Structure formats: structure tokens, C-alpha cells
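Here is how the chains run, residue by residue.
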Amino acid sequence: MNFSRMFHNLNYVVSALLFLMGLYTVVVKPNLIKKLIGLNIMETSVFLFIVSIGMVEGGEAPIVAEGVKSSQMVNPIPQALILTGIVVAVSTTAVALSLCLKIHERYGTLNAAEILGRGEP
Amino acid sequence: MPLAFAALCPIWGMWRRKACFPWSLLGVAITSFLVWSLIGKVNASKVVAYNVSGWRPPWGIQIRIDYMGLLMACLITGVGLMLLIYSWRYIVSEIKEERIPYYYTLYLLIFTAMLGFSITSDLFNFFVFMEIFSITSYALVAISGERMALRAAFKYLLMGAISSLTVLFAIAFLYSATGSLNMLDISSRLKSTAYLPVASVALILFIAAFAVKSALFPVHVWLPDAHSIAPSPVSALLSALVIKMGVLGIFRILFTVYGHSFSGLSSTWNSIAGVVAWAAALSIILGSVMAIIQRDLKIMIAYSSVSQIGYILLGITLISTRGMAGGLYNIVAHAMGKACLFLVAGIFIYKHGLRRIENLRGIGRTMPVTAGAFALAALSIVGVPPSAGFVAKWYILWGCFQEGQYAFVIVVLLGSLLSAVYCFRVVYYMFFTGAGRPGVGLDEAPFTMLAPTAILSVGTLFFGIFATLLLPSLNNAARVLLLK
Amino acid sequence: MSKIVHSVLPAIIMAVPWLAIPGAVLWGKKRPGAAKAVYVGCTAATFLLITTMYPRAMDGVVSVQHLVEVAPGINLAFRVDTLGFYFAILLSVIWLLTTVYSLGYIRTRETRYYCFTAINLSFCLGVAFSANMFTLFVFYELMSLFTYPLIIHEETEIARRAGLKYLVYTITAGAVILAALIMQYYYGGTLSFLGHGTLNSETISKPVLLIIFSVYMLGFGVKACIMPLHGWVPDAHPAAPSPTSALLSGVILKVGAFGIIRVLFDVFGIKLLGDLGVALPMLWVASFTIIVASLFAITQNDLKRRLAYSSVAQVSYIILGLFLLSPDGAIGGLLQIAHHAFMKGTLFLCAGIIIHETGKRDIREMNGIGSKLPITMLAFSVAALGMMGTPLTCGFITKWELGLGSIQAHRPYFIAVLLLSALLNAVYFLPIIYIAFFKGDPMDKLLKHETSRTMMVPVIIGAAFVVILGIFVTVPGLPYSLVKIVVKALF
């Protein structure tokens, strides 16, 4: 394996690993809250990745000002995307958490296996 | 052109207002009218585009209505309008009084998001709209607050959220490879990019994610629960329109963004299309088989959706002009037919609380219009001529022959036989059993529930007989996309 | 080249039976008399309207009407040639007879029965009038589906099973025909009937042609009950009420045969079929069906089951005649459509009267029934003699033409099949007549009790036709004259 290349694209590797960790959590953990945490890890990995691709070595904030060349600017678009992405992620989490609350109210548990077992009312 | 689109802007604001039935009806009706007024324009000049806030693409956000987008938009507005009218009486019986405004708010929200999803040409907007309609649909599934509904919604949410994140990840990959978010711009830049592996990984991620959204075979598990437990108009909305958004996603990625004749990735592209086609074929068969063994009417209809989505995706990924026209036509046929079936199931629940198929004995005698609408829509799902479903299957079969995919010919025919089994079983119970219940007169549903159901079912027949209204344009669209 | 005129008449004719539905639905409960009148009136009006097309049919004029273009190149359209007219007039006559008969026979769920019979009349006419394979397929499928309620009319457990079996067979067949249809369209480029074959061996390879042909035969063979695709027939016929059995045997099986005729004449064409060499296998299949089904018929004790197996055998006469690919053979085959419809229709209607009046279905229990129902059993005997091919009945004419045809086709050994079949017919029909008239049972001799007039008249007319068609063969307007025109145009 070409490690130097892997190191060069460290952001890809790290975010993919985080993504998979999150996915693992979602799939394996029985507790619904833990599943949500896994989901959030996945979200974070994506955000991390998006921010990292906009990075410029030694870049400045993307504000048009005296003495800042446009090539020196950090790409602003990924950051804008992330803002929206975070909003979306938060709302997903909010909906999911409210569902968790309701489920806890109805089933008295947050364990996925138990909930499935009690499926038929 | 910007003017034409500026007129559409009221949609954006619509959902924020206080929601109640007449208001949402007004909103949906105005939107529908505006969308329909665009029909002529898009046909004439192919594409209506509007650059939001005046920035030119690829920098600004562009809204672009091509033929596919228009088709979806028309479908969304048409079917959405019917479902809204239906919900007026129905929803009162299934959810609590104080939640009704939420219902309408969510309804308008999902409606708007789907429209936006169909007509945007910006990948990130694509994602945002997708998230809006996904989150709203989780909420809509859970709206009744029943135990089962919560469970189904959570399952749906987990799978949906994972697939959404995968889409976002893929978008990020593409952005890092091309530095653009505009679909057309990406498509042109992909031709010269040096990051082909990144782009191909993104393609795989996209397709995997949208396969979840459209409930393709191995990842369909969320659908039967969510669709059968939601209130019936919501089930209809989800089955008829929301899963089509997944299909639209696959379509956009495969054709608008990556493109058929793009040489750099053609082997990846072709193998992915092949995988999707086979997954679709499996969906057709297994969805139908699962539908056959169900005893609950709504779960049966939900599994039937899995199989019908299989037809659509099979048609699209055959990479033949006829097949694609057939697949796209099945979007129309299935949207109307399936919406109608769910509405009928809803009427049975509303009037008698019946969900089990065996309990529908003789219901065709007391509710002839409802049961008749079911039969008509079922004919279209099975693909009996002259119904819209038949035209779709005809074209898909034609596509199979064009490409020499004889295995798929058998799949399509077998699938329609299996769907005949589950559809006619219901029709049989409704009409041909349970005789001799004397003194039972007509006992139909309220008019506002009956009319949308009937209109949708007649629609399947209408689009079966007058298929030339759509087919030539679909053929043209397919030809342009496949460059044949 | 035949003359072509545009005419809206076919569409009007097809619309007429639908008028019976509002009558049946609105008045079915409150004023059954009015509902019945509307129902019979519509059927009769359909018949009369079809007769107005007679002059055109005799001149070989083709009436065409384009309805709607479903998809580019695929149209719903009507085209009435002599063959279509022949089939339409025949089925409307049979329909009229059974309609009148059913007024007396059907006592439960009349509304549903009337509605679906009327709808089916319309769809059958659609098949007869269709201008291309697509239209034919559309109406064929609709007819197949809408026959189901008629078969399970009694809603007994037996009827349900038979109905299910029927549906499985017929829907599978529908899918198979669809496959053939799309292959024809994909390779041949058109689905229209032009009076000659549209597929040709220059552009399409032989294996493909063979596949298309066999798939078509598999599809239509289910309705035309070619063995081994006949499985639904012996169950559906006894389970259905007798007028429906008469329709099934008289018309609906023939619709399958009609499909085969169209495939033969208008899709492939006689010459191409001769080149393909598929005629001989089809002849053997048909002969096999004739013999084996007759043998099965002998073993049946249920009267209607025996008649059903007899139908399986007799419909294969049509196939046999057609695939001789000789003019006389074709005449025989086409004549058999009408002749068998009258003979078997009469037989089933008689069986219906027996069941209606005595409740007996088992042949062994019918001792002396001839003295109780003399007219019915007389009609039954006439039709049964026709089936055996006795001279002066129409069955003889068919067999005569088929025999001529097989000589013409240089395949005289098929005459042996015909003779053997006539013998087997005698074996399974004569005992019934014998038991009915000469095996007296004093218990049953007490009452001489015929049935109601509405059921008697159709039976008598049917029996009369069996004789008339056997004696006045060449009178213009009767089947022979029409068939002659059809065949002259083809060969």
C-alpha cells in the first residue's frame, strides 16, 4: 500500500473511518440514543471532510480586503455548505430525539430488541 | 424565463403560514396551476431556468426545470392535490384534533420540498430539499403517535438519515473532485477531471444512498412498516411520490450528473447500472412474493410498491430509449395507481376499521365505487391493457428486447403474473365472496374522499388509452439522455 | 385488393351492450321485468346492428375505424373484414339464444350476471372487430378477466376452485401472448392486420419466427384448449351456470381459436407458415387433442364434464382444418366455429334444462329422462347426432370439408383421425340417448313436465340450426357463403 499517498489524502481516510465508526454504532448498538450518537458521528465525519477540502495551506478568511489575494482565501463555499448541513443535522437529531421520547413513553424502554419484541400491541 | 419562475415563488413562503385545510388547499392549488402553466414552456424551449438572486451558475444557485423535472412536478402537484382533498375528512379520524395543523404544515412542507427537489439543478440544494422531505416524512409517519407508528418512524429515520449522510458525503467527494455544485457544470467538468477514482466512489455512494430512499430490494426493509402504518393519505403520498424522489435521485445522478456516454467512468457506470437493474429485477419478484403472503391490505400494497419501483428502475437502467420511456411512464402509472390503492385502503379503515384482506368479504356490494376504483387501479398495477401500467410494461419489455436482455423479459412477465395474484385476491374477496348479507344497502364514503380516489383510478385508465399525450416527449427525453 | 370504407358502426355496436348495465343496476331489484327487457333488447339490438353490415361483408368490403393512438405505432382501431363479420354475427346469435335462455335459468345475482354477460359480449365483438394484434389482445384480456364472474356465478366451493384455475391459466396465457406480441412488434415492425402475413422470412431469422409462433400458440392455445393447455376447461364448464357454459364452449373457446386464425392468416401468412414447417406438428397436436380428449370424455359420468371434454376435442377440429393450409381445410375449420357453436351450445342448454328440472348431473341417473323431458332430449339427440357427423346435420358438412381439405393437402391420413373421432363421439353420446329414451325407469315416468318457454325456445332454435346448416348449406348468408368469401381472399 502506498502510505505516502494515504497520508497525503489523510482527510479522506479519517473521515471515511469516522463515517464507518458511526455506521457501526448505528447498526450494532441496541440503545436508540446510542444509535443517534452514531448518526451524529457520521454527520461530523462528513462535515469534517467538507471543511477539509476547502482548506488552503496558510489561507485567510474569505473576506475581500486590502492585501489578501483571492488565491490565499479559504474556499468559502464548503463552509457555507457546512452551516446548512449542521442545521439539517440538528433538525434530524431533534426529530429523532422527540421520537425517542415518545417511544420511551409508550414502550418504557429504549432498547431496540425489546421494542421489536413488543411489536404487536 | 425568470419571470415565469418568479411567479412560482409563493410556494417557498407558503409553508410558513398558519396551516389549515382551506389555506393549504389554496396554496397547493395555486402552485399546481403555476406548475401546469409551465407545461407549454418546457415543451417548447426544453428547459426553463431561473438563477436565484441573479448569480450565474456555477456560482449561484440555479433552478432548472427540464422535462423530467416538469413531469415530476406535474405529478407531485396533481396527486398531491388529490391527496390533500382526501385528507380533509380522513385525517380527523386518525390523528388527534390538536395535531391537525401540524399535519397540514408538514404536508405543505413535504410538498414544497419535493417540488424543489425535482427542479433544482444545484447538488447542495438537492440535498437540502431531500433532507426536508425526508425529515417531514419521518414526522408524518409518526404523526398518529401510536406505538407501531413510532417504531416504524424510527426505523425509517435511521435508514433515511444514513442514506442522506451518504448523499452528502458523495456530494462532498464530487465537490472535491470538480469544485462545483451545479449539476451541469459538474457534468462538464467531470470530463476533464483528474480525480476519477474519487468521482467513481461518489457515484457508488450516491446510488447506494438513493437505493435506500427508493426502497430497492436489499434496502427496502423500512418501507413496508412505514408505509403501512402511516395514515392512509400519508401512505399514498409516500408510496406515490416520496419514493419516486429516490428514483429521481438515481436518475439525476446517473444521467444528468454523470451521463451515459462519459468515457472516463464508463465501465464503472455500466456496471453500476447493471447492478441496479438486477437489484430492480429482484425487487420486482421478491416484492410481489412478499405482497402475496401478506394478510394486511396496507402492508400488501406497500410491498407492491417495492415491486413497482423495481419496474421503474429496471426500465431506467436498461439503457435503451424504449425501456427508459417505459420506466418513466411507470412513474406516472404507479403514482396514480398506488395512491388510489392506498386511498381505498384508507376508506375501508375509515368506514369499517378493516385492515385484513379476509375481512373485506362482500364489501364490493356495499361500497361499489370504492371497490371499483380499487379494481381499476389494480388492473393498472398488474398491467392489464388498456391501462397506464400496461403501456409502461409494454415499453419496458420493448427495451428488454432492444438490449437483448431476455432474462428481464421473463422477470417482467413473471412479476406481472405475481402482481395479478395479490391484486386479484383482494378483488376476489371484495366482489365474489360474502354474498347473502341481506338488507345491506349502499354505504359509501364521503364525497371528498370518494372523488379523489375515483379520479386517480380513472386517471390510470385515461393514461392507458391516451398514452400519446406523454410518450413521444418521454421518448425524446430518453433519446436525448442516452444520445441515441 | 379489397375496398376500404370508414365506418363508426363497429364502435356503436360495441357500445350497445353496455346500455344493459344501467338497466340491470337500476331496476335489477325493483323491476326485474324491465331489467330483463333492457338486457335482451340490447343483445337483440346488437345482433340487428351487426346484420346491417352484411352487404359489405358479402362484397368483401372492409370497414375501418381508427379509435385512438395509444402509443406511437400502437393503435386501438377497428377493421371489420368478412372473417370478423362472420365471427361477430355468429357470436351475437349465440349470445342472443343464451340471453333469452338465461332469463329462465338464472335465479340468483341476476344483476351481476346480466352486467358481465353484456360486457363480455362487447369485448368479444371487440376481438372480432380488431384491426391489429394490439386491439385484439386488449379485448381478449378484458374478456378473459370479465368471464371470471360468470364462471364463479354459483359461488360454491367447486365454482371458486374452477374460477381460480381459470384465472391462473388465463392470466398466464395473457402474459405469454404479451411476450409474443412485443416480439412481433419488435421484429416485424407492425401489428396491423392487412389480410396477409406481415412477418417475412427475409428480415427475420427462422428461429425467431419459430419462437414467435410457438409463443403465440402457447398463449392462444390456452383459450383454444389445445392439449396439454386445456386444464381449466373441464372444471370451468361444469362449475359455470349452463348458459355460461354454452357461451364458454360456443364462443369463448372460439375466441382463442380466432386469435390463432389471426396469427395464422394476418401475422404469419399461409405461405410463410408452409415454409416454416410448423403446420405438421400443429396438425399432430390437434389430432392428439381430438383423440385423447374424446377418450377422456368417455370416462366422465358428469354430463357437463363430458360435454366439456367433447368441446376440447371439437375446438381442435378448427385447428386441424386451419393448419392443413388448404382451401377446403380452411373452409372446414372456419365452418366448425359456427357449427360447433350451435351444436355444443344446444347440448349445454339441454344439460342446463336437465339440471334445472331434475337436479341430476350424473349420466347414470338419467334413466328414462327422455319421457320426462321429450322435447329437450329430442333437441339433445339432434345436436349429439350432429357431433357424430351424421349426414343432414351440420357436423357432417364440417367433417366432409375437413376430409376434402386433408386430401387437398396431400395428407389423407388425417381422415382417419376424423373417422376415429366420429366413432368416439358416438361412443360417448349414444349411451346418453339410449339411457334417456330406452332405459325406462318407472319412477320417473310419472310426470311429463317440460320447462319454461324462455328456456325451451332457444334450445329448439339451436337444434333447428343444427339441421338447417346441414341441409341448406349454400344458402347465402349462412356460414358457408361467408367462409367461402374469406377463404377465396386468402388462397
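Parameters and conventions
Residues numbered from 1 in each chain as written. Chains lettered and ligands numbered in written order. Predicted model: local features only at pLDDT ≥ 70, side-chain atom pairs only at ≥ 80, totals over all residues. Heavy atoms only, no water. Salt bridge = Lys/Arg side-chain N within 4 Å of Asp/Glu carboxyl O. Contact = heavy atoms within 4.5 Å. Buried area = accessible area lost by both parts, 1.4 Å probe. Polar contact = N/O pair within 3.5 Å; in protein donor to acceptor, adjacent residues only side chain to side chain. Helix = DSSP H or I, 4+ residues; strand = E, 2+ residues; numbered from the N terminus. Nonpolar A, V, L, I, M, F, W, Y, C, P; charged D, E, K, R; others polar. 1 Å grid on protein atoms, 1.4 Å probe; cavity = no way out; pocket = protein on both sides within 12 Å on 5 of 7 lines; lining within 4 Å. Points joined across faces, edges and corners; volume = space filled by probe spheres on them. Pairing = 2+ DSSP bridges. Axes fitted to C-alpha atoms, helices over the stretch in contact; angles between N-to-C directions. Buried < 20%, exposed > 50% of the residue type's maximum accessible area, 1.4 Å probe, protein only. Parallel < 35°, antiparallel > 145°, perpendicular 65-115°, else oblique. Left-handed = near helix turned anticlockwise from the far one by under 90°. Patch = residues over 30% accessible without salt bridge, like charges linked within 9 Å, V, L, I, M, F, W, Y side chains within 5 Å. Areas by Shrake-Rupley, 256 points an atom, 1.4 Å probe, with all protein chains shown as cover. Core = buried A, V, L, I, M, F, W, Y, C linked by side-chain atoms within 4.5 Å.

Q: Mind showing me how you'd approach the pattern of salt bridges here?
A: Residues and elements named next belong to chain C. The final tally for this structure, using the stated rule, is 8 salt bridges over all chains. With a closest N to O distance of 3.2 Å, Asp-81 and Arg-79 form a salt bridge. One continuous salt-bridge network, built from bridges that share partners, spans Arg-79, Asp-81, Arg-262 and Asp-266.

Q: Is there a simple way to think about the interface of chain B and chain C in this case?
A: Accessible area lost during the coming together of the parts is what is often quoted as the interface size. Chain B puts 31 residues into the contact, and the matching count from chain C is 31 residues. A buried area of about 2,700 Å², summed over both sides, lies between chain B and chain C, and 79% of it is on carbon and sulfur atoms. For chain B, the biggest contributors to the area lost against chain C are Trp-394, Phe-401 and Phe-432 of chain B; these three give 27% of the whole. Where chain B packs against chain C, one counts 0 salt bridges. Taken together, chain B and chain C are joined by 2 residue pairs in polar contact (both at pLDDT 80 or more). Counting residues per element, the ones that place at least two in the side of chain B that touches chain C are helix 17 (388–402), helix 18 (406–432), helix 19 (447–465) and helix 20 (471–482) of chain B. Its residues assigned to classes, the side of chain B that touches chain C comprises 25 nonpolar, 5 polar and 1 charged.

Q: Teacher, can you tell me more about empty space enclosed by the protein here?
A: The probe, sized like a water molecule, is rolled over the atoms to show the empty space still left. Summed over all chains, the structure comprises 10 cavities of 30 Å³ or more. Together, 16 residues line the largest cavity, and Val-382, Gly-383 and Val-384 of chain B together with Glu-141 and Ala-175 of chain C are the ones closest to its centre. Going through the elements one at a time, helix 18 of chain B together with helix 7 (133–151) and helix 8 (157–188) of chain C are the ones with two or more residues in the lining of the largest cavity. No other element matches the 5 residues that helix 8 of chain C contributes to the lining of the largest cavity. Grouping the constituent residues of the lining of the largest cavity by class yields 10 nonpolar, 4 polar and 2 charged.

Q: Just to check I follow, could you spell out the sheet that holds strand 2 (residues 62–71) of chain C for this structure?
A: Hydrogen bonds along the backbone pair up the strands of a sheet, which may run parallel or antiparallel. All names here are of chain C. An order of 1-2-3 is seen for the 3 strands of this open sheet, with the pairing classed as mixed. Two strands bound the open sheet, and with one partner strand each, they are strand 1 (4–6) and strand 3 (74–80). Each strand of the sheet is rotated relative to its neighbour by a mean of 35 degrees, with strand direction disregarded. Two elements, strand 1 and strand 2, share 3 bridges in a ladder whose sense is parallel. The residue bridging His-6 from the neighbouring strand is Val-64, located in strand 2.

Q: Got a minute to help me understand the pairing of strand 3 of chain C in this structure?
A: One face of the sheet, then the other: side chains in a regular strand alternate in exactly this way. All names here are of chain C. Most of strand 3 sits out of view: 6 of its 7 residues are buried. Note: strand 2 against strand 3, 7 bridges, orientation antiparallel. If you follow Ala-71 over to strand 3, its bridge partner there is Ile-74. Linking strand 2 to strand 3, which pair antiparallel, is a turn of 2 residues; within it Gly-73 sits at a positive phi near 85 degrees.

Q: Explain the packing of helix 14 (residues 321–352) of chain B against helix 20 of chain B to me, please; I cannot follow it from the model alone.
A: Pairs of packed helices are described in terms of their axes, by the angle between the two and the distance that separates them. All names here are of chain B. Their axes nearest at 8 Å, the elements helix 14 and helix 20 cross at an angle of 125 degrees. The angle between helix 14 and helix 20 falls in the class oblique. The interaxial crossing formed by helix 14 with helix 20 has right-handed handedness. Contacts between helix 14 and helix 20 involve Thr-321, Arg-322, Met-324, Ala-325, Leu-328 and Tyr-329 from the first element and Leu-471, Leu-474, Asn-475, Ala-478, Arg-479, Leu-481 and Leu-482 from the second.

Q: Could you clarify how one ought to interpret the side chain of Ser-163 of chain B in this entry?
A: All names here are of chain B. Of note, Ser-163 is situated in helix 7 (residues 147–178). You can call Ser-163 buried: its relative accessible area is 2%. Once you skip the residues sitting within four places of it in the chain, Ser-163 turns out to touch Ala-209, Val-212 and Lys-213.

Q: I'm lost on a nonpolar patch on the surface in this one. Help?
A: Residues and elements named next belong to chain C. Taken together, the side chains of Leu-392, Val-467, Ile-468, Ile-471, Phe-472 and Val-475 make up a nonpolar region of the molecular surface, amounting to roughly 490 Å² of accessible area. Here Val-475 is to be found in the loop between helix 20 (453–471) and helix 21 (479–490). Judged by its relative accessible area of 37%, Val-475 falls in the partly exposed class.

Q: Whenever I open this one, the packing of helix 11 (residues 242–268) of chain C against helix 15 (residues 327–358) of chain C confuses me. Can you help?
A: Residues and elements named next belong to chain C. As a packed pair, helix 11 and helix 15 sit with axes 7 Å apart at the nearest point and diverge in direction by 165 degrees. Here helix 15 runs roughly antiparallel to helix 11, going by the angle between their axes. The way helix 11 lies across helix 15 gives a crossing that is right-handed. Of the residues in helix 15, those in contact with Ser-242, Pro-243, Ser-245, Ala-246, Ser-249, Gly-250, Lys-254 and Ile-261 of helix 11 are Leu-334, Gln-336, Ile-337, His-340, Ala-341, Lys-344, Gly-345, Phe-348, Leu-349, Ala-351 and Gly-352. Its residues placed into classes, the contact of helix 11 with helix 15 shows 9 nonpolar, 8 polar and 2 charged.

Q: Sorry, what's going on with the nonpolar core here?
A: One recurring pattern in soluble globular proteins: nonpolar side chains tend to sit buried together. Membership of the largest hydrophobic core comes to 428 residues, with the highest contact counts inside it found for Tyr-258 and Trp-394 of chain B together with Tyr-216, Phe-268 and Phe-323 of chain C. It is helix 7 of chain B that contributes the most residues to this core, 22 residues altogether. Filtering out sequence-adjacent residues up to four positions away, Phe-323 of chain C remains in contact with Phe-213, Met-217, Ile-260, Leu-264, Leu-273, Ala-279, Met-282, Leu-283 and Arg-411 of chain C.

Q: What should I look at first to understand the interface of chain B and chain A in this one?
A: Every contact between the two is made by 31 residues of chain B and, on the other side, 40 residues of chain A. Approximately 3,200 Å² of surface area, both sides summed, lies buried where chain B meets chain A, with 81% of it carried by carbon and sulfur atoms. On the chain B side of the contact with chain A, Arg-147, Phe-154 and Phe-169 of chain B bury the most area, a combined 22% of that side's loss. Summed over the shared surface of chain B and chain A, the result is 0 salt bridges.

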